[in-house]
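A structural walkthrough
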Amino acid sequence: MAKKIRLDPLGKETAIKTNDNLLSGLLKNELNVMQECGGRGMCSTCHVYIKEGMESLSPLNRREKRTLEVITTCKMNSRLACQARVIGDGVVVELPSGMYLSQIDDVESLIGRRAQQNILHPISGKILVEEGKLITRSMITQLSDTKGEVSKYLAQSVDAI
């Protein structure tokens, strides 16, 4: 049986099959949510805030707890959409503001432009470039290095499984 969840600030409602994860509902609604680690609970790209209905989700598992400890924008109502399974109605989900570095195809094209929104680290959720800041060549080098490190980390974590 399907459970209803609401996506804020869109005010949009959607149905998710009982025991499916929140990520499936977010992707079904074409929201800007990534799954850099393939839905294994090892990155922050599907990090969400639960505004209501935490009791209608599965409890946090060990991997999710470890990952949330690293996310710098983590709050008491944080969950990873790939790990949180919907078991009841009334869940209200809000996405963190910003975009993850891994969503940017051509980092070099950002030189000399102002960030349209916060650029976030895919593992920690840390703000790498604040919204409105001018993106310099040194920032691009740092972003490119970070992108490479994240790719290497995620590739190693796939090999470990």
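One can find the structure itself at the top, above this paragraph.
Residues numbered from 1 in each chain as written. Predicted model: local features only at pLDDT ≥ 70, side-chain atom pairs only at ≥ 80, totals over all residues. Heavy atoms only, no water.

Some points on the overall build of the chain
- The secondary structure content of the chain amounts to three helices and eight strands.
- A globule of 161 residues ought to have a C-alpha radius of gyration of about 15 Å, and the chain, at 16 Å, matches this closely.
- C-alpha extents for the chain along the principal axes are approximately 50 × 40 × 25 Å.
- A burial count over the chain gives 45% of its 161 residues as buried.
- Counting only contacts in the chain whose residues sit at least 6 apart along the sequence, the fraction spanning at least 24 positions is 59%.
- If you sum the accessible surface of the chain, you get close to 8,800 Å²; carbon and sulfur atoms cover 49% of it. (Helix = DSSP H or I, 4+ residues; strand = E, 2+ residues; numbered from the N terminus. Rg over C-alpha atoms; globule rule 2.2 N^0.38 Å. Buried < 20%, exposed > 50% of the residue type's maximum accessible area, 1.4 Å probe, protein only. Contact = heavy atoms within 4.5 Å. Areas by Shrake-Rupley, 256 points an atom, 1.4 Å probe, with all protein chains shown as cover.)

Regarding the sheet that holds strand 7 (residues 119-120)
- Across the sheet, which stays open at both edges, the three strands sit in the order 6-7-8 with mixed pairing between neighbours. Edge positions in the sheet fall to strand 6 (99-100) and strand 8 (127-129), since each of these pairs with one other strand and no more.
- Examined bridge by bridge, strand 7 and strand 8 share two bridges and lie antiparallel to one another. Residue pairing across strands places Leu-120 opposite Ile-127, the latter belonging to strand 8. (Pairing = 2+ DSSP bridges.)

Considering the packing of aromatic side chains
- In the structure shown here, the tally under the stated rule is zero aromatic pairs.
- The ring of Tyr-49 carries Lys-75 above its face, with NZ or CZ at 4.6 Å from the centroid. (Phe/Tyr/Trp six-rings, centres within 6.5 Å; stacked < 30°, edge-to-face > 60°. Lys NZ or Arg CZ within 6 Å of the ring centre and 35° of its normal.)

Considering the nonpolar core
- With 21 residues, the main nonpolar core has Ile-5, Leu-22, Leu-26 and Val-93 as its most contacted residues.
- Looking at this core, the elements with two or more residues in it are strand 1 (2-8), helix 1 (22-28), strand 3 (47-52) and strand 5 (91-94).
- Counting residues per element, this core draws most heavily on helix 1, at three residues.
- Counting 10 residues, the second largest nonpolar core, distinct from the first, contains Leu-110, Val-129, Ile-140 and Leu-143. (Core = buried A, V, L, I, M, F, W, Y, C linked by side-chain atoms within 4.5 Å.)

Some details on the pairing of strand 1
- In this structure, strand 1 lies alongside strand 2 (residues 12-17), joined through six bridges in antiparallel fashion. Counterpart to Ala-2 in the pairing with strand 2 is Lys-17.
- As judged from the four bridges shared by strand 1 and strand 5, these two strands associate in the parallel manner. In the strand pairing of strand 5, Ile-5 is matched with Val-91.

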